[in-house]
Amino acid sequence: MKCDQVGDDNRTVADGVSTTYEPWRRRRTIAATVIVGAAFAAGHIGSLEAQQWRGRAHTRVQYVQARTLVWDSVAVDQTTGDGSLRLSGTTQVRCAPATDYCYFSRAGQTRVTSPVTQDVDLNVWGFGVQGLRLYGNARFRGAISGTDFWPRADDHVDLLAGYLELQRSRYRVRLGRDYQVSGLGYYGYDGGSAVLRLRPARLEVEAYGGIGLERGLADRLDSDALSSLDEFQPRNSNFLFGVRASARPVARASVEAIYQREEERGAGGLASERVGVEATYTPTAGIWLQGHADYDLATDWWGKAGATVGWSVNPQVFVEGKFFRYRPVFSLQTIWAAFNPTPYTGWGVSVGLRPIDDLSFSLLGERRDYGETDAEVPFEVTTDRTWRAGGSASWQPQEKWRLDGGYWVNLSFGSATSTGQFRVSAQPLDKLSVGGRFSAFQQIGEFRVGEGRVWSVGAEAQWDTPVGTLWGSVDRYRHDRQENDDVLPDWTQTRASFGMSFYLGTEPGRTP
Amino acid sequence: MKARRIVAVSIGVGLSVLLAAWGWAPTEAQSVADREFAYPRQMHPAGWLETHGQEAGADATDCAACHAPSSCRSCHVEPVPTPISRMPAREAGIPIARRAPDYHVPTWSENHKARAAANTAQCQTCHTPDACSSCHTTSAAAPPPGKRTGGYHVGNFQIQHSAAAFGREVECATCHNPEAFCRDCHVSRGLGSEGRSDRGFHNENPTWLFGHGQAARQGLESCATCHSQGDCLSCHSALGGRNINPHGPGFDAEQLRSKNEAMCLTCHLSVPE
């Protein structure tokens, strides 16, 4: 019945993402891998002095099955009904006037890929200067087999950090590629930073800056990694700089404030300008208060904010309440800020109970309310209020046996979900743990599985060796689809992961 | 004589049982070094664990009256705080029962952000950066019994990430770039837009395009993980689009113009006055 398939799987992938094979990039990957490997090997055979370097390698290999969503067509004379929306069997199709075909989306063929991620970090010190250290952290990506539909699989090398550091008790200086993790998020930069510590006042001040990397990415704004922005990609990268200060004014309180600004090199246009503050206070044993807020000076909007108060009644009971709000942050180099994203505010309560040492329960409830959008229309209304609730229980009758289970429900437009999970784990040997897991979920609404259900069963194992950790897992998912789910993705698939993490060089007594 | 001995032994045993039941047994002859002063019940006031750093930092000599540097190292990791290294050496100190502070409740992994940022130094007295990277990494290994480490996301989180992302349970963009990570994958999987507004997925909802405004303002981050800016400007632009105004309540054109005029010129011939 279905004819003239205009969107087969291969074309979808080829059109959707840049998967062009680039020999130079592959050569660069191989060269970098060889260099890092040689460095490790050289150190391992003792060419470097003891206490001089330490490296860590973390490898993850996955087997991923997925069914893409493809665009298909059917001849007009094989549909029923009239107008722009008709039926082909039970499938709703779209028909344009004066055309021979109607179009619809459907689950495509099962595709398989095996993405590999290799993280390597290396610390080198002992250069004859106290506190001098060289640090590098790189991520290598690729795919052993299959097409590269895993995100970022076509970007084979990222330098996440690489700097020279001079660390002393009162100050710290870094030069190179570094990143700043704060209440504003994770931002990288190629430049430097200086930290000054004023110990009697328990004050720490840091200034940092350089050529900025994009948020959540180890690449600059004008790099090929963001070429899909097309005409909206700025020609230049950004300058990024900021100042951060943290203090403990009294023994039970701590506070941090940060200011950060990004602006385009050359053009001078502002990308973002934000401030953030985070604070904690422990008035007495068993009670804690903490809060955070950030403000966008570029748009004049409050961003995220939250306040939490917790009370550990006794070792068996705790209660925690929180208030929060959220508005996403967008760079002024995009159009999104002009679309006025609507914030939400909310509150939540969580309770934990441990009636006996082996058994614990926790319950969580949360409500969110969106602000006025001024965009409601009678025929397509989303919800302004959402609810989340869930509970979990853990029972560890013996040191080497543990059962965990939980259920979560989310009542909201777009993210409505109902999920149940159960897990049994055991430690048959001192360094070996194994487990089995079962789950079922239903997600209703946008891009979800509709009213069908997805069931899964899986197994996992982890082995801690003297030099590192090996782990693996495999899960099988089965999507029980409803009759009218033809146009939704099919989530029936198998997934497996294998990983290993190990240290080389000077071992401080811990394994990953 | 025999009866007196029986009575005496009975009284002694009875008293011992009563005393043991009361919490003290005369046979419990422990040396000071063997006794665990399970903090903070006995020697220190409530809340001591969270605040002892200031007092110990001022003068650790008092600490050394009972504790050895090794006592402190049962919690503090390398590099240990300076006061510990300055403590007078002694062969053995009263062991310190290691325990987490009160605020390390089961929800701590989701709520530690503010404290970790505001007082990183306090985290570092017990945790090394490895403790952070055991979650903030690509690993999705399931943790063994009794351990909470093993990856930020649960195994195969990607299968179910859409609900968490749309509902903003987490701020995805902190670690994942929406354009290079999210949209790249969504497009390659057939879920993302490829420039045609008439074939958006959206559960094949025929009226979606005309009523999407509310959902878009509530979940604009999610829109941007599938749609390019060009998709939206095909309608929401005064330059070549259908001139449908996307600006919402409280839109301050002057504020944005003063910060970045180029943003206005994406859709308008001139910047607003």
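Computed from a prediction, not measured in an experiment: that's the story for all the values here.

A.B. asks: Could you give an account of unusual backbone geometry, naming the residues involved and the relevant values?
C.D. replies: Residue and element names in this part refer to chain A. The phi dihedral of Asp-230 falls on the positive side, at around 55 degrees, and the residue is not glycine. By the element assignment, Asp-230 lies in the loop between strand E9 (203-212) and strand E10 (238-247). The exposed category is assigned to Asp-230, around which 11 C-beta atoms lie within 10 Å. Of note, the phi angle at Asn-340 is positive, near 50 degrees, even though the residue is not glycine. Assignment of secondary structure puts Asn-340 in the loop between strand E15 (317-326) and strand E16 (344-356). Overall, the presence of 23 C-beta atoms within 10 Å leaves Asn-340 in the buried class.

A.B. asks: Requested: an account of helix H10 (residues 178-188) of chain B, with residues and values cited.
C.D. replies: All names here are of chain B. Most of H10 sits out of view: ten of its eleven residues are buried. Every buried residue of H10 is accounted for by Pro-178, Glu-179, Ala-180, Cys-182, Arg-183, Asp-184, Cys-185, His-186, Val-187 and Ser-188. Positive backbone phi, at 85 degrees, marks Gly-190, one or two positions downstream of H10.

A.B. asks: A description of the interface of chain A and chain B should follow, citing residues and the corresponding values.
C.D. replies: On the chain B side, the residues contacting the 125 residues of chain A number 94 residues. Broken down by element, the residue count for the side of chain A that touches chain B peaks at seven residues, all from strand E1 (residues 53-75) of chain A. Split into classes, the residues belonging to the side of chain A that touches chain B amount to 49 nonpolar, 51 polar and 25 charged.

A.B. asks: Run through the pairing of strand E19 (residues 401-411) of chain A, naming residues and quoting values.
C.D. replies: Residue and element names in this part refer to chain A. Pairing of strand E18 (residues 385-398) with E19 involves ten bridges; the strand directions are antiparallel. Paired with Gly-390 across the strands is Trp-408, a residue of E19. Two successive antiparallel strands, E18 and E19, enclose a turn made up of two residues. In terms of strand pairing, E19 meets strand E20 (residues 416-429) through ten bridges, oriented antiparallel. Across the sheet, residue Arg-402 finds its bridge partner in E20, namely Ser-425. Linkage of E19 to E20, two consecutive antiparallel strands, is achieved through a turn of four residues, within which Gly-414 is found at a positive phi near 85 degrees.

Parameters at a glance
Residues numbered from 1 in each chain as written. Chains lettered and ligands numbered in written order. Predicted model: local features only at pLDDT ≥ 70, side-chain atom pairs only at ≥ 80, totals over all residues. Helix = DSSP H or I, 4+ residues; strand = E, 2+ residues; numbered from the N terminus. Buried ≥ 20, exposed ≤ 12 C-beta atoms within 10 Å, placed from the backbone. Contact = placed C-beta atoms within 7 Å. Nonpolar A, V, L, I, M, F, W, Y, C, P; charged D, E, K, R; others polar. Pairing = 2+ DSSP bridges.

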